[in-house]
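So you can see what is in the structure, the chains are spelled out below.
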Amino acid sequence: MHETDAAILTEANRVMEICNACRYCEGYCAVFPAMTLHRSFAEADLNHLANLCHNCKACYYACQYAPPHPFGVNVPQAFALLRDETYRRYAWPAPLARLFERNGTVVSLVTALVVTAVLLLTAGLTAPGTLVHAAVGARAFYRVIPWAVMAGVATLALGYAVLAMTIGAVRYWRQCGSAQVTTAAILRGVHDAFTLRNLGGGGQGCNDKDESFSTTRRLLHHAMAYGFLACFAATCTAAFAADILGWPAPYPWFSLPVILGTLGGLGLLVGTSGLFGLKLVTDPTPLARRLLGGDIALLVLLWLTAASGMLALGWRQTSAMPLLLAIHLGPQESPHFP
Ligand code: SF4
Ligand code: SF4
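Residues numbered from 1 in each chain as written. Chains lettered and ligands numbered in written order. Predicted model: local features only at pLDDT ≥ 70, side-chain atom pairs only at ≥ 80, totals over all residues. Heavy atoms only, no water.

Looking at an unreviewed UniProt entry, the protein chain carries the name Tricarballylate utilization 4Fe-4S protein TcuB, with the source organism given as Acidiphilium acidophilum.

Quick look at the structure:
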């Protein structure tokens, strides 16, 4: 094990041993009830607890042992660093896992490279001037980027993402999992994920910026997550309309793909802009600063995808559409790391 990994694990273990003796924060989130099931913590236990933490920071501001106390208990920081280590440990394929060390730089560079590649390929594979002339009428989008290229690259990117997440989840489960999973536990987990219950901070909300409670981060995460799902639903309904019903894009403003895409794009813009703003004003003390670059790069990537998609939709009858479409598709094909 890398020396830094060992130090991160040692710190998480130290903090959990103090918390397990104290137990003041039991009602705040899923971490503390799970913690009380252990008398000591194996590496797998700590990895699991770190991934239950939603970084709400409630336990930091409530803690009588937080800095400047000599115990220096900072659960959100210790767990954020350990969570990052687990992303690397369970990532697939293993050689790409090292990229987590420079997450922000990698996301930025890969996004820039992919956008450039999409622009160059579009310019090279289409008729001269396609990128700067208006494309209107049925199948206008596909005259800019052929359907086979758009669908092929999207399928590859989606397939890779699903495979990598499944393998990562299986690796995580093998190390941390228990022998039994009940249907009730799965349903509770899905419910908690869709409602972001653990960003509720025990009912009053999280400590988004400082020691005052707020539900802002939870609402912004909802806007971002449901916006993303609405965009995915828009893509699926558009594919169904084009490939099954034989009704090619572009679609009218009040069609299902456009309504879902507009709502999704707005949700993504509101969520990512708000979360970026929160990062600028939040108290940095409980945070793991070295992870900030990756967080911001992911927010910018999602914001860029949503903004270019909304602009391509609004200006689809103009000469700006081909360029905006190429820019919109670039970030979607970029790999990113949570
Ligand atoms: S974070 Fe502090 S107050 Fe909360 S359980 Fe741990 S030691 Fe106790
Ligand atoms: S930061 Fe929030 S989610 Fe994480 S352990 Fe503390 S109270 Fe729980």
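Back to the write-up after that little detour.
Trainee: Any chance you could explain the overall build of the protein chain here in plain terms?
Mentor: A tally of regular secondary structure across the protein chain gives 14 helices and zero strands. Its helices and strands in sequence order give the protein chain the pattern α-α-α-α-α-α-α-α-α-α-α-α-α-α, from N to C terminus. Evaluated residue by residue, the protein chain yields a buried proportion of 40% over its 338 residues. Within the structure as shown, the protein chain displays about 18,000 Å² of accessible surface, and the carbon and sulfur contribution to it stands at 68%. (Helix = DSSP H or I, 4+ residues; strand = E, 2+ residues; numbered from the N terminus. Buried < 20%, exposed > 50% of the residue type's maximum accessible area, 1.4 Å probe, protein only. Areas by Shrake-Rupley, 256 points an atom, 1.4 Å probe, with all protein chains shown as cover.)

Trainee: Please explain helix H13 (residues 292–314) as it appears in this structure.
Mentor: Residue pairs spaced three or four apart in an α-helix point in one direction, given the helix's 3.6 residues per turn. Along its 23 residues, H13 runs 33 Å from first to last C-alpha, staying within 8% of the 33 Å computed at 1.5 Å per residue. Along H13, the residues classified as buried are Gly-294, Ala-297, Leu-299, Leu-301, Leu-302, Thr-305, Ala-306, Ala-307, Ser-308, Gly-309, Ala-312 and Leu-313. (Expected span 1.5 Å × (residues − 1).)

Trainee: Could you clarify how one ought to interpret the site of ligand 2 in this entry?
Mentor: As a structural note, the neighbourhood of ligand 2 is formed by Tyr-28, Cys-29, Val-31, Phe-32, Cys-53, His-54, Asn-55, Cys-56, Lys-57, Cys-59, Val-75 and Pro-76. Put simply, the parts of the chain that give the shell around ligand 2 at least two residues each are helix H2 (31–35) and helix H5 (75–90). (Near = heavy atom within 4 Å.)

Trainee: What should I look at first to understand the UniProt feature "transmembrane region" (unreviewed entry) in the protein chain in this one?
Mentor: Here the UniProt-annotated "transmembrane region" (unreviewed entry) positions come out as residues 106–127, 147–170, 223–247, 253–276 and 296–315. Here residues 147–170 runs as 100% helix and 0% strand, with 34 Å between its end C-alpha atoms. Taken end to end, residues 296–315 is 95% helix and 0% strand, and its two terminal C-alpha atoms sit 28 Å from one another. (UniProt positions renumbered as here; feature names shortened; annotations may be inferred.)

Trainee: Explanation requested: the site of ligand 1 in the structure shown.
Mentor: Within the structure, ligand 1 sits among Ile-18, Cys-19, Cys-22, Arg-23, Tyr-24, Cys-25, Phe-32, Cys-59, Cys-63, Gln-64, Tyr-65 and Val-75. No other element matches helix H1 (residues 3–22), which puts three residues into the shell around ligand 1. When the residues that make up the shell around ligand 1 are grouped by side-chain class, the tally is ten nonpolar, one polar and one charged. (Nonpolar A, V, L, I, M, F, W, Y, C, P; charged D, E, K, R; others polar.)

Trainee: Whenever I open this one, the packing of aromatic side chains confuses me. Can you help?
Mentor: The relative placement of two aromatic rings is captured by the distance of their centres and the angle of their planes. A complete count under the given rule lists six aromatic pairs for this structure. A centroid spacing of 6.3 Å and a plane angle of 45° characterise the contact between Phe-194 and Tyr-226, whose relative ring orientation is tilted. One end of the pair, Phe-194, is in helix H10 (residues 183–195); the other, Tyr-226, is in helix H11 (residues 216–244), and 32 residues separate them in sequence. Residues Trp-247 and Tyr-251 carry aromatic rings whose centres are separated by 4.9 Å and whose planes lie at 75° to one another, so their mutual orientation is edge-to-face. According to the relative accessible area criterion, Tyr-251 is buried, its value standing at 5%. Directly above the ring of Trp-253 sits Arg-316, whose terminal nitrogen or CZ lies 4.8 Å from the centroid. (Phe/Tyr/Trp six-rings, centres within 6.5 Å; stacked < 30°, edge-to-face > 60°. Lys NZ or Arg CZ within 6 Å of the ring centre and 35° of its normal.)

Trainee: Just to check I follow, could you spell out the side chain of Thr-86 for this structure?
Mentor: In this fold, Thr-86 is placed in helix H5. When sequence neighbours within four positions are dropped, the list of residues in contact with Thr-86 reads Asn-47 and Asn-51. (Contact = heavy atoms within 4.5 Å.)

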